[in-house]
Amino acid sequence: MRPKFDPETLPVIETDGRRAPLSAPRMQPDFIRHRLLSPPAWEPELTDESRVYDRTRGLRQASVLVPLVEHPDGLTVLLTQRNANLNAHAGQISFPGGSQETFDADRIATALRETEEEIGLQRDFIEVLGSLPDYITGTGFHVSPVVGLVHSGFTLQPDAGEVAEIFEVPLAFLMDPSRHERRMLRWEGGERQFYSMPYPREGGGHRFIWGATAGMLRNLYHLLAA
């Protein structure tokens, strides 16, 4: 059984001061579009997630959208804060997305449908650029991250039953490895390391981006930096 814990209270064991932040040209839509279309040789970073899920339950297929929103001063990443009363990942910060349904044509269709259902972002405003490596979460989801460029003019309508808040974080902040914290959870059954990327809130405190969401953003960094 996985322990219940508050990830924000766990100690930071390392921040990545060895790697450089992404340069501005590598965070331009044209560069990201080309990089996802013709990626160089690179290695995604594996985390402890796949070692702690309950293997007796099997994996549930899911897709998320990694929405890169166009602004005159640069791209941002659109994220959601999940409602605290949900059965899975309650209260966590995540990408819009969800479980694959039998009528979905593919993982891209799942990501676009779930995004529209969760936050009201219509697929007409989303240019699908490609995908990041699949990600296995500690809660038993096999997640396909689909990267999309979100063009201006969209409106949002969050599903009040699932989404508590929608917000954006500058891509430059998330693509700076010095913001990538590795934290450690220890319990009687073992230990687990995970990434976190706390983003300062206006007025104090942080939006605590961690776990699978931070792990997928870390892989986006590796791909764009390769």
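You'll find the protein entered in an unreviewed UniProt entry as CoA pyrophosphatase, with Cupriavidus pauculus given as the organism.

Residues Leu68, Leu171, Leu174, Met175 and Ile209 are the most contacted members of the largest nonpolar core, which totals 39 residues. Going through the elements one at a time, α1 (29–37), β2 (60–69), β3 (76–82), β8 (141–150), β9 (163–170), α3 (171–174), β11 (190–200) and α4 (211–225) are the ones with two or more residues in this core. Of the residues forming this core, the biggest block, eight residues, is contributed by α4. Those residues within four positions of leucine 68 in sequence are excluded, and the remaining contacts are Ile32, Leu75, Thr76, Val77, Val147, Gly148, Leu149, Val150 and Leu171. With eleven residues, the next largest nonpolar core counts Leu78, Leu112, Ile126 and Val150 among its residues.

Inspection of the entire model under this criterion finds two aromatic pairs. Each ring, one from phenylalanine 173 and one from tyrosine 199, has its centre 4.9 Å from the other, and the planes form 80°; the classification is edge-to-face. Taken together, the residues span a long stretch of sequence, with phenylalanine 173 in helix α3 and tyrosine 199 in strand β11 at a distance of 26 residues. Tyrosine 199 matches phenylalanine 173 in its accessibility class, with the two residues each being buried. Judged by centre distance (5.1 Å) and plane angle (65°), the ring pair of phenylalanine 194 and tryptophan 210 falls under edge-to-face. Placement of phenylalanine 194 in strand β11 and of tryptophan 210 in strand β12 (residues 206–210) is noted, with a sequence separation of 16 residues between them.

Here we have four strands laid out as an open sheet, ordered β1-β10-β11-β12, and antiparallel in their pairing. Looking at strand neighbours, the two that pair on one side only are β1 (12–15) and β12, the edges of this open sheet. Averaged over all pairs of adjacent strands, the angle between their axes in this sheet comes to 35°, without regard to strand direction. Sheet topology note: the β11/β12 ladder contains five bridges and is antiparallel. Within the sheet, the bridge partner assigned to tyrosine 199 lies in β12 and is arginine 207. Running over the sheet, α4 touches β11 and β12 and is turned about 75° from β11.

Turning our eyes to something else, we now look at α4. The end-to-end C-alpha distance of α4 is 21 Å, a good match for the 21 Å that 15 residues give at a rise of 1.5 Å each. Counting buried positions over the 15 residues of α4 gives 14, a clear majority of the element.

Conventions and cut-offs
Residues numbered from 1 in each chain as written. Predicted model: local features only at pLDDT ≥ 70, side-chain atom pairs only at ≥ 80, totals over all residues. Heavy atoms only, no water. Core = buried A, V, L, I, M, F, W, Y, C linked by side-chain atoms within 4.5 Å. Buried < 20%, exposed > 50% of the residue type's maximum accessible area, 1.4 Å probe, protein only. Helix = DSSP H or I, 4+ residues; strand = E, 2+ residues; numbered from the N terminus. Contact = heavy atoms within 4.5 Å. Phe/Tyr/Trp six-rings, centres within 6.5 Å; stacked < 30°, edge-to-face > 60°. Pairing = 2+ DSSP bridges. Axes fitted to C-alpha atoms, helices over the stretch in contact; angles between N-to-C directions. Expected span 1.5 Å × (residues − 1).

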